[in-house]
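A structural walkthrough
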Amino acid sequence: MTGGGGRRKTAFATALVRALAYPRILYHDFLQPDPPAASVRVEGLEVPPLPAFDRAVIEACGFSEGEPAALILDQLQAAPFREHLRLHHFLESCEWPHPLGVAHANPRHLVVLLISEEPLYHALHRLSFRVHTDRGGGAFEHRPEDFGLDAAAEPLFAALAALFARIGVTPTASEMRLLLSDLLERARAITQIRQAVFGRVEGVPWEALLARELEEPLEQLRASLF
């Protein structure tokens, strides 16, 4: 899956495998640092801990032996090129060599979804069916509790929902987190609110924020901040 940042590729991939009723869904994000993992002793020798990427692939292989499984690999553009080469070998052979042995996948049960902000390595591209996801309008489903806020923030979220419905864009969770920080800590005037929305949410045209029909929702948003 390709598309620019914030285009809900991850949400689409997750929704797709859930709609297909895959009982096992594994996920790895190459932008996230590896969580701490313990080393393993094999035949008296201490083997360094496997990277999170290896663990995700090995788990997916194991589950695929007995039931359908989906492996979602997110932000693939951030992976070192050697991982692209290993992934290409895996998709061709269904074998994943690692320091502890070789994991085997059942190709009839395993689907691998590759999510990237940039074009795939050409060899991977040839093995893949490409899907481009557009950002689209979408429904504003963010809630105060998702961001550590209480019921007092409900008017703010209602005002944001009304604003983004007019614009036809929905911010991602990460965009919302940054936007809320700007609105709650720094924005006081309409001009500051416009700049915060434009600067934090991809796909919002500056001209739209200046349109007459947005004056009312922007004023409601400003009032909700006090």
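A brief report on the enclosed structure follows. (Residues numbered from 1 in each chain as written. Predicted model: local features only at pLDDT ≥ 70, side-chain atom pairs only at ≥ 80, totals over all residues. Heavy atoms only, no water.)

Notes on the pattern of salt bridges
Considering all chains together, one arrives at 9 salt bridges under this definition. One salt bridge in this structure joins Arg86 and Glu83, with 3.0 Å as the shortest N-O distance. Highlighted residues: Arg86 and Glu83, both in helix 3 (residues 81-93), separated by 3 residues, approximately one helical turn. Residue classification places Arg86 among the partly exposed residues on the basis of a relative accessible area of 25%. Across the pair Glu185 and Arg186 runs a salt bridge whose closest N-O atoms are separated by 3.3 Å. Where salt bridges share partners, they join Asp182, Glu185, Arg186 and Arg200 into one cluster. (Salt bridge = Lys/Arg side-chain N within 4 Å of Asp/Glu carboxyl O. Helix = DSSP H or I, 4+ residues; strand = E, 2+ residues; numbered from the N terminus. Buried < 20%, exposed > 50% of the residue type's maximum accessible area, 1.4 Å probe, protein only.)

A word on the packing of helix 5 (residues 154-167) against helix 9 (residues 215-224)
Packing of helix 5 against helix 9 brings their axes to within 9 Å, and their N-to-C directions diverge by 160°. Comparing the axis directions of helix 5 and helix 9 gives the class roughly antiparallel. Of the two possible hands of crossing, helix 5 and helix 9 adopt the one that is left-handed. Contact residues: helix 5 offers Pro155, Leu156, Ala159, Leu160, Leu163 and Arg166, while helix 9 offers Pro217, Leu218, Gln220, Leu221 and Ser224. Partitioning the contact of helix 5 with helix 9 into residue classes produces 8 nonpolar, 2 polar and 1 charged. (Axes fitted to C-alpha atoms, helices over the stretch in contact; angles between N-to-C directions. Parallel < 35°, antiparallel > 145°, perpendicular 65-115°, else oblique. Left-handed = near helix turned anticlockwise from the far one by under 90°. Contact = heavy atoms within 4.5 Å. Nonpolar A, V, L, I, M, F, W, Y, C, P; charged D, E, K, R; others polar.)

Some thoughts on the packing of aromatic side chains
Enumeration according to the criterion identifies 7 aromatic pairs in this entry. Here Phe53 and Trp96 contribute two aromatic rings whose centre-to-centre distance is 5.2 Å and whose plane-to-plane angle is 75°, an arrangement assigned as edge-to-face. Taken together, the residues Phe53 in helix 2 (residues 52-64) and Trp96 in strand 5 (residues 95-98) connect sequence positions 43 residues apart. What makes Phe53 buried here is its relative accessible area of 3%. Residue classification places Trp96 among the buried residues on the basis of a relative accessible area of 0%. Consider the rings of Phe81 and Tyr121, whose centres lie 5.0 Å apart with planes at 85°: the pair is edge-to-face. In this pair, Phe81 is assigned in helix 3 and Tyr121 in the loop between strand 7 (110-114) and helix 4 (122-126), connecting sequence segments 40 residues apart. (Phe/Tyr/Trp six-rings, centres within 6.5 Å; stacked < 30°, edge-to-face > 60°.)

Regarding the environment of Leu120
You can see Leu120 is positioned in the loop between strand 7 and helix 4. As a C-alpha pair, Leu120 and Leu76 span 44 residues in sequence and 8.2 Å in three-dimensional space.

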